[in-house]
Structures are given as C-alpha cells and as structure tokens.
Amino acid sequence: MFITQSSSRSTLAEILSCVLLLFLMAQISVPLQPVPITLQTLGVMLIGLKFNRRTAFYSVLTYLSLGAAGFPVFANFSGGYHIFLGPTGGYLIGCLAAVIVMGEVNELLSLKCELLERNSFSCLAGTVIIFICGVSWLAVYLGLGQAIMVGVLPFILPGLVKIFLLVAALQYLKK
C-alpha cells in the first residue's frame, strides 16, 4: 500500500508539474490572428517525450480541463469552454492527440531507431497531429485554403525550430 500511495503522489506531482509547464509555455507567444504562435507545443512535445503515455495524457487532459473550466491557463491568460469553440480549439485538442501519437511512435520505433531519430520522429508526428486537428477546426471558420494559409504556413518554420531545439537539448543533456 505504501508503494502505491507514494507512486500516486509522484504521478500527481508529475502531472501538476506538466500542467504548470504548459501554462507557462502558453504565455510565451507571438500574437498572430486568429492563432498565436506559442511555446505551448514545445511543452507538449517535451511532455510526450519525457513522461509515460498515461502521465502525458492526464497532464494535457488536466491542463485542457482547467482551461475549459475557466482558469486562465491558455495563451494570453485566457480560459473558458468558449476557447474550444473558437479558432484555436482544434489546436488545443490536437495537443491531447499529439501526446497519444507521440507515445505510439516512440514505442513503434523503440527497437528500430536511435534515441535522436526516435525523438525527432515523435515530435514531428505530434506537430503534424496538432496541425491537422487545428486546421480542421479552423477551416470551419475560414475555409480550408485560408485555414492552411493562416493556420499552418506561419507555423511550419517555428515548429521545425522547436523540434530541432528540443531534440538537440535532450541529446545534449543525455551526454
């Protein structure tokens, strides 16, 4: 019983740490319209790489739930369920899907690739999932062509830079 209780506290501490990380990263943003560029996706990728699937999933779910309940945890200290109905709602849901996909990719490649490649592919897959979810929802507001123009193209280079920096930092820290 003691081990389980201690393990539960450890998992809860990890989840709360991840929620705090996502909150802080979401506040670092470039205010583009209708979707800002934030470091939130960098936080999602870090969580997807460094925590087990269950912890990663519950961390992002808790973060999204707090935001939906009205806590100002999203970009620019925003919150409320209406955020999910707005242009950025798909990107937020994509964060949850991203950690799931990242866990799957990581497991699939665990015996086939080195850590650097595995982390790179996992982050790339997570980023693509966030883009797909985000643009799919944004297209409801703007149409598919315009959603791609304002919801993907400005994010490709920053997304690749985030992936490179995260994977390089993790590789460096591993040494």
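Provided above is the structure to which this section pertains.
This is a predicted model, so every value here is computed, not measured.

S.K.: When you look at the overall build of the chain in this model, what are you seeing that I'm missing?
M.R.: Check the secondary structure of the chain and you find eight helices and two strands. Along the chain direction, N to C, the helices and strands of the chain fall in the order α-β-β-α-α-α-α-α-α-α. Computed over its C-alpha atoms, the radius of gyration of the chain comes to 16 Å, within 12% of the 16 Å expected for a compact globule of 175 residues. Counting only C-alpha atoms and orienting by the principal axes, one finds that the chain spans roughly 50 × 35 × 25 Å. Per-residue burial over the chain gives 42% buried out of 175 residues. Across the chain, contacts joining residues at least 24 apart in sequence account for 66% of those joining residues at least 6 apart.

S.K.: What is the right way to read unusual backbone geometry from this model?
M.R.: Peptide bonds are trans in most cases, and residues, glycine excluded, mostly fall at negative phi. With a phi angle near 60°, Asn-76 is a residue other than glycine that sits in the positive phi range. One can find Asn-76 in the loop between helix 3 (53-68) and helix 4 (82-85). The phi dihedral of Phe-77 is positive, around 55°, even though this residue is not glycine. By the element assignment, Phe-77 lies in the loop between helix 3 and helix 4.

S.K.: Help me understand a nonpolar patch on the surface, please; the structure alone is not making it clear to me.
M.R.: On the surface, Phe-121, Leu-124, Val-128, Ile-132, Leu-144, Ile-148, Met-149, Leu-153, Ile-156 and Leu-160 cluster together into a nonpolar patch covering about 880 Å² of accessible area. Of all the secondary-structure elements, those providing two or more residues to the nonpolar patch are helix 6 (115-142), helix 7 (144-151) and helix 8 (153-174). Top contributing element to the nonpolar patch by residue count: helix 6, with four residues. Residue placement: Leu-160 occurs in helix 8. Since its relative accessible area comes to 44%, Leu-160 is described here as partly exposed.

S.K.: How should the pattern of salt bridges be read in this particular structure?
M.R.: Any two side chains of opposite charge can pair, so long as their charged atoms come close to each other. Summed over all chains, the structure comprises two salt bridges. Glu-104 is paired through a salt bridge with Arg-53; the nearest N and O atoms lie 2.4 Å apart. Here Arg-53 lies in helix 3 and Glu-104 lies in helix 5 (residues 89-109), a separation of 51 residues in the sequence. Glu-107 serves as the salt-bridge partner of Arg-53, at 1.9 Å between the closest nitrogen and oxygen. Pair noted here: Arg-53 is in helix 3 and Glu-107 is in helix 5, with a separation of 54 residues, a long-range link. With a relative accessible area of 35%, Arg-53 lands in the partly exposed category. Taking the relative accessible area as the measure of exposure, Glu-107 reaches 49% and is therefore partly exposed. Linked by salt bridges that have partners in common, Arg-53, Glu-104 and Glu-107 make up one network.

S.K.: Honestly, the layout of surface pockets in this entry has me stumped. Any pointers?
M.R.: Taking a probe equal in size to a water molecule and rolling it over the atoms shows the remaining empty space. The volume enclosed by the largest pocket comes to roughly 510 Å³. Breaking the lining of the largest pocket down by element, the ones donating at least two residues are strand 2 (37-38), helix 2 (40-50), helix 4, helix 5, helix 6 and helix 8. When its residues are assigned to classes, the lining of the largest pocket shows 17 nonpolar, eleven polar and one charged.

S.K.: I would appreciate a short explanation of the side chain of Asn-106 in the present structure.
M.R.: Within the element layout of this structure, Asn-106 appears in helix 5. One polar contact links Asn-106 to Arg-118, side chain to side chain, over a distance of 2.8 Å. Not counting chain neighbours up to four residues away, the residues in contact with Asn-106 comprise Leu-49, Arg-118 and Ser-122.

Rules behind the numbers
- Residues numbered from 1 in each chain as written.
- Predicted model: local features only at pLDDT ≥ 70, side-chain atom pairs only at ≥ 80, totals over all residues.
- Heavy atoms only, no water.
- Helix = DSSP H or I, 4+ residues; strand = E, 2+ residues; numbered from the N terminus.
- Rg over C-alpha atoms; globule rule 2.2 N^0.38 Å.
- Buried < 20%, exposed > 50% of the residue type's maximum accessible area, 1.4 Å probe, protein only.
- Contact = heavy atoms within 4.5 Å.
- Patch = residues over 30% accessible without salt bridge, like charges linked within 9 Å, V, L, I, M, F, W, Y side chains within 5 Å.
- Areas by Shrake-Rupley, 256 points an atom, 1.4 Å probe, with all protein chains shown as cover.
- Salt bridge = Lys/Arg side-chain N within 4 Å of Asp/Glu carboxyl O.
- 1 Å grid on protein atoms, 1.4 Å probe; cavity = no way out; pocket = protein on both sides within 12 Å on 5 of 7 lines; lining within 4 Å.
- Points joined across faces, edges and corners; volume = space filled by probe spheres on them.
- Nonpolar A, V, L, I, M, F, W, Y, C, P; charged D, E, K, R; others polar.
- Polar contact = N/O pair within 3.5 Å; in protein donor to acceptor, adjacent residues only side chain to side chain.

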